Every structure is written in C-alpha cells, then in structure tokens.
Amino acid sequence: MEKYYQAYDKRYQQIHNLKLQWSSDVVTPILQELIVQFGIRKTDKILEIGCGEGRDALWLLEQGYDVLATDVSKEAISYCKKKNSKFSHLFFQLDVCEERLPQTFKFIYSISVIHMLVNQEERNRFLTFIRDHLDEDGYGLILTMGDGEYEVTGDITSAFDSVKRTHQGTRQEVAVAATSCRMVNFATLEQEIANNGLHILQKGITSIIPDFPQIMYALVKR
C-alpha cells in the first residue's frame, strides 16, 4: 500500500507526462556555500535524500563530487537517469523511513523533503537515518519549508488527490497530486533534531530562487 508521502511520485508522473519539469535547475546556494565552508572534498562520500529531478546532485556530480542521489519516487529516479545517462548508476530509489544503507557518509543533504513527512514517527525515522549514516566527523544539511515561526499540518488523506497548481516555468495551470506538508517552527525542529541524537551547528532562513523564496535550514552533526 502506498504511503501518503509517496504522492510526489504521482505528481512527477503527471508533470512529466506533460513534457514539463516540476522544479527549476537552479542549484541550492546554501548547499554550495556550506560544502566550501566545511571543507567537503570531492573524494568525500556524499548522500542526497530526495534528489527530485536532480537539480543539486547533477551539479555536484558534474563538479566531480562523489554523490549517491536517492528519492522515494521511482518516477523521479527514472527522470534523473535519463537526464544525464553518464551518472545514471548513481541514482536509486530509497525510502529512508523504511530502509537503510550499508555505508556512512561525510556529508548528507536533504532539500525540501522533511516537510512532506507529517507523522512524527516518520519524521523521527528520517532524522535517525541521517544520524545513523553520518561518519563520526560528518555533517548533515536539512532544508524544510517554513519561516521559523509559523506551524501548519496538512491533511495526509488527500495527498493523492489531484489539485490545480500553476506551473512555475510556463505559468500554465496543471493538475497534480496535492502531496503532503507539515511546516514547523525552529523550536519544534530543534527539539526533533535533539530527540534523534543530532545537534545543530548552524541554522537560519535562506532561499532557493525561484523554487523557494524562503526556506529554513539546519546544519547538523552527530
């Protein structure tokens, strides 16, 4: 049985059937900045949780970084493999709420993923996955929708329902899966992170224009 947070797979299928891409190809600025600031080398093992249509993973791979890129969506992974076949072997489907990997990583990043997890148990599993798969001296970067103060929880029972949305690139109205969303404030996010064996090195509000004019971030360690 499909889990509510897998509704993005339906959204990707719907948008790709229209020969469109849901997100832009603009690389996440804070990701670029922190990789430099914390000395992540091209030989260090990097994991992306929730690569979507490949925006950040493909950029890092093109720069020569050692990246494994994952997503819960089969459609997203298929799309990334076709987008740049040279790196197709480095993209694979993974549900971090249910599965584990045999290796650890120097750097794990996840952009605009945890807010799709509404139930606390699944949010905890997401965070413990990061904790358990970090090297002792590794870093984790988590970006989630929100302004640091406002909190809202969506209805997961309608995650697969089709709704009308304006496609960012073309401005045309499209029918896509509603998906799921839970935005928390910094106090809640900090408590979740601490409860799951991680601590915050940096936090703040940043942006990924045009996709996210405002998005929270936390850089964490074990």
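Small disclaimer: the values here were computed from a predicted structure and weren't measured.

Visitor: How do you make sense of the overall build of the chain when you look at a structure like this?
Guide: Each helix and strand counted, the chain has 6 helices and 11 strands in total. Rg of the C-alpha trace for the chain: 16 Å, near the compact-globule value of 17 Å for 222 residues, within the 12% margin. Along the first, second and third principal axes, the C-alpha atoms of the chain reach 45 × 40 × 35 Å. Looking at the chain as a whole, 54% of its 222 residues qualify as buried. Intrachain contacts of the chain at a sequence separation of at least 6 include 70% that bridge at least 24 residues. Working note: accessible area of the chain is about 10,100 Å², and carbon and sulfur atoms make up 48% of it.

Visitor: What is the right way to look at the sheet that holds strand β5 (residues 134-145) in this model?
Guide: Two strands in a sheet stick together by hydrogen bonds in their backbones, pointing the same way (parallel) or opposite ways (antiparallel). Across the sheet, 7 strands lie side by side as β3-β2-β1-β4-β5-β11-β10; this open sheet has mixed pairing. Edge positions in the sheet fall to β3 (91-93) and β10 (199-208), since each of these pairs with one other strand and no more. Neighbouring strand axes in the sheet, compared pairwise and without regard to direction, differ in orientation by 20° on average. Along the sheet face, helix α3 (residues 55-62) touches β1 (45-49), β2 (66-71), β3, β4 (105-111) and β10 and points at about 145° away from the line of β4. Of the strands in this sheet, β1, β4 and β5 are in contact with helix α5 (residues 120-133), which crosses β5 at around 150°.

Visitor: Would you explain the pattern of salt bridges in this entry?
Guide: Oppositely charged side chains may form a pair once their charged atoms are brought near each other. With the rule as written, the count across this model stands at 13 salt bridges. Of the charged contacts in the structure, one is a salt bridge between Lys 83 and Asp 25, with a shortest N-O distance of 2.8 Å. With a gap of 58 residues between them, Lys 83 in helix α4 (residues 74-83) and Asp 25 in the loop between α1 (7-17) and α2 (29-37) connect regions that are remote in the sequence. Residue classification places Asp 25 among the partly exposed residues on the basis of a relative accessible area of 45%. The partner of Glu 62 in a salt bridge is Lys 86, with the nearest N and O atoms 3.8 Å apart. Taken together, the residues span a long stretch of sequence, with Glu 62 in helix α3 and Lys 86 in the loop between α4 and β3 at a distance of 24 residues. Note on Glu 62: relative accessible area 44%, which makes it partly exposed. Note on Lys 86: relative accessible area 52%, which makes it exposed. A cluster of three or more residues bridged by salt bridges with shared partners is formed by Arg 55, Asp 56 and Asp 211.

Visitor: Sorry if this is basic, but what is going on with α2 here?
Guide: For an α-helix the count is 3.6 residues per turn, leaving residues at separations of three or four pointing the same way. When α2 is considered as a whole, its buried residues turn out to be Ile 30, Leu 31, Leu 34 and Ile 35. Looking straight down α2, one finds that the buried residues subtend no more than 135° of arc, so they occupy a single side. Next to the buried residues of α2 lie α3, β4, β5, β10 and β11 (212-221).

Visitor: Please explain helix α6 (residues 186-195) as it appears in this structure.
Guide: Listed in full, the buried residues belonging to α6 are Phe 186, Leu 189, Glu 192 and Ile 193. Looking down the long axis of α6, one finds its buried residues gathered within 125° of arc, a one-sided arrangement. Exposed residues pointing more than 90 degrees away from the buried face of α6 are listed as Ala 187 and Asn 195. Taken together, the buried residues of α6 touch α5, β5, β9 (182-183), β10 and β11. Here α6 starts with a cap whose side-chain oxygen sits 3.2 Å from the backbone nitrogen of Ala 187, and that cap is Asn 185. Count one or two residues on from α6 and you reach Gly 197, which has phi positive near 80°.

Visitor: Teacher, can you tell me more about the nonpolar core here?
Guide: Nonpolar side chains in soluble globular proteins generally cluster together in the buried interior. Counting residues in each nonpolar core, the largest one holds 72 residues, and the members touching the most others are Phe 91, Phe 107, Tyr 109, Phe 126 and Leu 141. Here the element with the most residues in this core is β11; it accounts for 7 residues. Tyr 109 has contacts with Leu 31, Ile 46, Leu 47, Glu 48, Ile 49, Asp 56, Ala 57, Leu 60, Val 67 and Leu 141, leaving out every residue within four places of it along the chain.

Visitor: I tried to follow the packing of α1 against α4 on my own but got confused; where do I start?
Guide: In a pair of packed helices, the angle between the axes and the distance between the axes together describe the arrangement. Relative to each other, α1 and α4 sit at 45°, their axes nearing to 7 Å. One element, α1, and the other, α4, form an angle in the oblique class. Along the contact surface, α1 presents Asp 9, Tyr 12, Gln 13 and His 16, while α4 presents Lys 74, Glu 75, Ala 76 and Tyr 79. Taken together, the residues of the contact of α1 with α4 break down into 3 nonpolar, 2 polar and 3 charged.

The rules we used
- Residues numbered from 1 in each chain as written.
- Predicted model: local features only at pLDDT ≥ 70, side-chain atom pairs only at ≥ 80, totals over all residues.
- Heavy atoms only, no water.
- Helix = DSSP H or I, 4+ residues; strand = E, 2+ residues; numbered from the N terminus.
- Rg over C-alpha atoms; globule rule 2.2 N^0.38 Å.
- Buried < 20%, exposed > 50% of the residue type's maximum accessible area, 1.4 Å probe, protein only.
- Contact = heavy atoms within 4.5 Å.
- Areas by Shrake-Rupley, 256 points an atom, 1.4 Å probe, with all protein chains shown as cover.
- Pairing = 2+ DSSP bridges.
- Axes fitted to C-alpha atoms, helices over the stretch in contact; angles between N-to-C directions.
- Salt bridge = Lys/Arg side-chain N within 4 Å of Asp/Glu carboxyl O.
- Arc of directions from axis to C-beta.
- Polar contact = N/O pair within 3.5 Å; in protein donor to acceptor, adjacent residues only side chain to side chain.
- Core = buried A, V, L, I, M, F, W, Y, C linked by side-chain atoms within 4.5 Å.
- Parallel < 35°, antiparallel > 145°, perpendicular 65-115°, else oblique.
- Nonpolar A, V, L, I, M, F, W, Y, C, P; charged D, E, K, R; others polar.

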